Amino acid sequence: MEKQAVPQSQLSHQNDISSPSITFVFSPKRILFFGLLFALTATALSITMAINTPWLGANFSTHQQGIIVTSVHEGGPSVTLLKPGDIIVAIRNNELEQYDLHASDIIEEPYDFHLYQQYRDFFSRQTEIHNRLLSSPVTLITADDRHIEIPTAEYRHLHTLPFSFWFQILSGNIGLLIGIGVFAFRQNEIAPRCFVTSSIGLMIFISAAAAYSSRELALNGSLFYLLSLLNQYGTVLFAGVGTAVLWHYPRRLSPFPMAKVLAGLYCIFAILHTLQVWETLNAGIRIPVFLFASTNIIFAALQWRATRGRPLGRAALKWLLTSWFTGLVLFLSMRLIPIALGYEPFIPQAFSWLILVVIYIGIALGITRYRLFNLDRWVLKAWFWLFSGLAVVSVDIALISLLDINTPLATAIAVAIIGWIYFPLRQFLWARFAPGLQRIDFENLFPEILEMTLSPGSDSELFNRWREMLQRVYKPLEIKTLSNQDAAPLNDTQIIRNGISLRLPALPGGGALELSGAEHAGRLFNPYDVRFATAVWGLFNHAVQFRTALEQGANEERQRIARDLHDDVAARVLTLVHPAEDPGDEKLARQTLSALRDTNNTLAKQSPPPLAHRHSHTRHVITPKPQ
């Protein structure tokens, strides 16, 4: 049996996201060039806006009474006038009266406010502070009623921009260039188009945020407001079109133009935010983001259903889901949820962009189908790592909040609970529910393999046992035997077609084998399958070589015995025939000689042809045709 019966519908599903014929609308080199040009332009504009503002030469942080000096730049205007620890409560200059400073004046992100009224007041206050900074010198009033006159610089030096600024710019550039790079070589697919549009939005809102979040004290309120709107419109592209990636990939769920609909929906949200029709920023900013996250969950569930029985599509989907939801869980839990509940965010906005970059890297790997056959192990390890950390933090917070115990004691109890309850439970769930990851029980299978390889039988019978064992172990949809006309020889087991198929070298008695659709198309072949199949193939191959050597030795021994009978014993018996005087002795001698000749002929017939004229025992194997 060369090929097992497989439902054609199942086979047709295996390569549902295989690469289509690539047609370039534009030269990839040209796309990469303009993408780099856009990145440089956005970076230059962000730098220009960040440095073209009056500069005092100090870094500030929030304080209950106002703002506090955290450091002073060497060579800056304030180097001999301010010192770390000074609390600034007001600002004035010779032309404008004193203006009190609040801790919220140096808030990193204006979207962290809860009410639109606070949002509008913030930009008005930024204008008032900026106007006082425009005239040099400026007077800062401290909490101990000192009046410090500082000659402001017209612009800040490039090297004084904080690390957070460069970190944000780098994050935006990485996300943009990843999107451009994927699109440049997959222009005829809709998912990369959505992805690159989303990456442009990412670069826009990160560049805007980098310019205003790294300000020293204040920006012009009108410019600041425009940058915040640019941040929101970039978010429209990022969230709206980015969500559509899961609609179109790995399988397009419907011909419905979901990308346009989502982009239009988020444009409506952006317009409503611009018009400030809501009372709270939760309705204008955070609820649309939560809606975006919920839409992703719905699309993910639909894609999970659509890729059932399609291991390649399912593996690509796992890349996307791992990237999207790991990033979303971290971003929402670290930034948006605490703000929506009235708490301070756990991480600064500047460093939260790294989460988005990780999302983009994962999506790019999914769209380009990078090493999908390794994904089952990587995905579950990543999720177990993520939820392990969240479990530790959650238990610690619950103990502090509910039991009213101090932090060190809560941490100790949390660690004990995690170590004695959570991790054992996690290991049980890992072993029980990790699909396709249970390793083959080689210890129990080894005696069966030995029995099959050492049992008597021809090479073709051994080859059939080899096929049957592969069928039982991997449960593939199809096993087919390849001939030398199908492909050229190969020497190693290979994963092909992104993990859909596994090719094994030939054994005497049959050709190379190709297995497709492991676990009834429930998973992809992975490197562990390669190692296991290679080891078992080696046992079968050694069994064939052992049998060949045994047969060759037996053949040589039979030939030696035949030669001895012919050259020695038969010659001696022949010498007894002619001098025999008794007819009975002569007859006996001739009968003995005839019996020896019959024995010799029988040995010759039992001896197989020389090894060179039989099948070769060299490792004849098959390589895949170019994909």
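Criteria and cut-off values
- Residues numbered from 1 in each chain as written.
- Predicted model: local features only at pLDDT ≥ 70, side-chain atom pairs only at ≥ 80, totals over all residues.
- Heavy atoms only, no water.
- Core = buried A, V, L, I, M, F, W, Y, C linked by side-chain atoms within 4.5 Å.
- Buried < 20%, exposed > 50% of the residue type's maximum accessible area, 1.4 Å probe, protein only.
- Helix = DSSP H or I, 4+ residues; strand = E, 2+ residues; numbered from the N terminus.
- Contact = heavy atoms within 4.5 Å.
- Axes fitted to C-alpha atoms, helices over the stretch in contact; angles between N-to-C directions.
- Parallel < 35°, antiparallel > 145°, perpendicular 65-115°, else oblique.
- Left-handed = near helix turned anticlockwise from the far one by under 90°.
- Phe/Tyr/Trp six-rings, centres within 6.5 Å; stacked < 30°, edge-to-face > 60°.
- Nonpolar A, V, L, I, M, F, W, Y, C, P; charged D, E, K, R; others polar.
- Polar contact = N/O pair within 3.5 Å; in protein donor to acceptor, adjacent residues only side chain to side chain.
- 1 Å grid on protein atoms, 1.4 Å probe; cavity = no way out; pocket = protein on both sides within 12 Å on 5 of 7 lines; lining within 4 Å.
- Points joined across faces, edges and corners; volume = space filled by probe spheres on them.

Asker: Got a minute to help me understand the nonpolar core in this structure?
Answerer: Looking at soluble globular proteins, one finds that nonpolar side chains tend to be buried together. Ranked by internal contacts, the top residues of the largest apolar core, which has 61 residues, are Phe195, Leu246 and Trp324. Counting residues per element, the ones that place at least two in this core are α3 (116-134), α4 (163-184), α5 (190-213), α6 (221-248), α7 (258-275), α8 (281-306), α9 (311-340) and α10 (349-367). Those residues in contact with tryptophan 324, other than ones at most four positions away along the chain, are Gly242, Leu246, Phe292, Asn296, Ile359 and Ile363. Judged by nonpolar contacts, the second largest core, of 26 residues, contains Trp466, Leu515, Ala518 and Ala543.

Asker: Could you clarify how one ought to interpret the packing of α5 against α6 in this entry?
Answerer: Describing two packed helices takes the angle between their axes plus the distance from one axis to the other. Where α5 contacts α6, the axes come no closer than 7 Å and their chain directions differ by 155°. One element, α5, and the other, α6, form an angle in the roughly antiparallel class. The handedness of the crossing between α5 and α6 comes out as left-handed.

Asker: It is not clear to me how the environment of proline 257 should be interpreted in this structure. Could you clarify?
Answerer: Along the chain, proline 257 falls in the loop between α6 and α7. Each C-alpha atom of the pair proline 257 and tryptophan 247 lies 9.5 Å from the other, and the pair is ten residues apart in sequence.

Asker: Even after reading the chapter, I still don't get the packing of aromatic side chains, so can you show me in this structure?
Answerer: Given two aromatic rings, one states the distance between the centres and the angle between the planes to describe the pair. All told, the structure shown has 18 aromatic pairs when counted by the stated rule. When the centroid spacing of 5.6 Å and the interplanar angle of 70° are considered together, the rings of phenylalanine 205 and phenylalanine 238 count as edge-to-face. Of this pair, phenylalanine 205 sits in helix α5 while phenylalanine 238 is found in helix α6, placing the two residues 33 residues apart along the sequence. Relative accessible area serves as the criterion here: at 6%, phenylalanine 238 is assigned to the buried category. Each ring, one from tyrosine 266 and one from phenylalanine 269, has its centre 5.8 Å from the other, and the planes form 70°; the classification is edge-to-face. Here phenylalanine 269 and tyrosine 266 lie together in helix α7, a separation of three residues that amounts to about one turn. With respect to class, tyrosine 266 is no different from phenylalanine 269; both count as buried. Taken together, Tyr111, Phe113, Tyr116, Tyr119, Phe122, Phe123, Tyr212, Phe224 and Tyr225 form an aromatic cluster joined through their ring pairs.

Asker: I would appreciate a short explanation of the packing of α7 against α8 in the present structure.
Answerer: The N-to-C vectors of α7 and α8 enclose an angle of 165°; their axes lie 10 Å apart at closest approach. What the angle tells us is that α7 and α8 run roughly antiparallel. The crossing of α7 and α8 is right-handed. Facing α7, whose interface residues are Met258, Leu262, Leu265, Tyr266, Phe269 and His273, α8 presents Gly284, Ile285, Pro288, Leu291, Phe292, Thr295 and Phe299. For the contact of α7 with α8, the residue count by class is ten nonpolar, three polar and no charged.

Asker: What is the right way to look at the side chain of threonine 295 in this model?
Answerer: The topology assignment puts threonine 295 in helix α8. A polar contact is formed between the side chain of threonine 295 and the backbone oxygen of leucine 291, at a distance of 2.8 Å.

Asker: Explain the layout of surface pockets to me, please; I cannot follow it from the model alone.
Answerer: A water-sized probe rolled over the atoms picks out the places where empty space is left. Space inside the largest pocket adds up to approximately 860 Å³. Lining the largest pocket we find 31 residues, and of these Ser61, Thr62, Ile106, Ile107 and Glu108 sit closest to its centre. Among the secondary structure elements, those contributing two or more residues to the lining of the largest pocket are β1 (58-63) and α9. Tallied by class, the residues present in the lining of the largest pocket amount to 13 nonpolar, eleven polar and seven charged.

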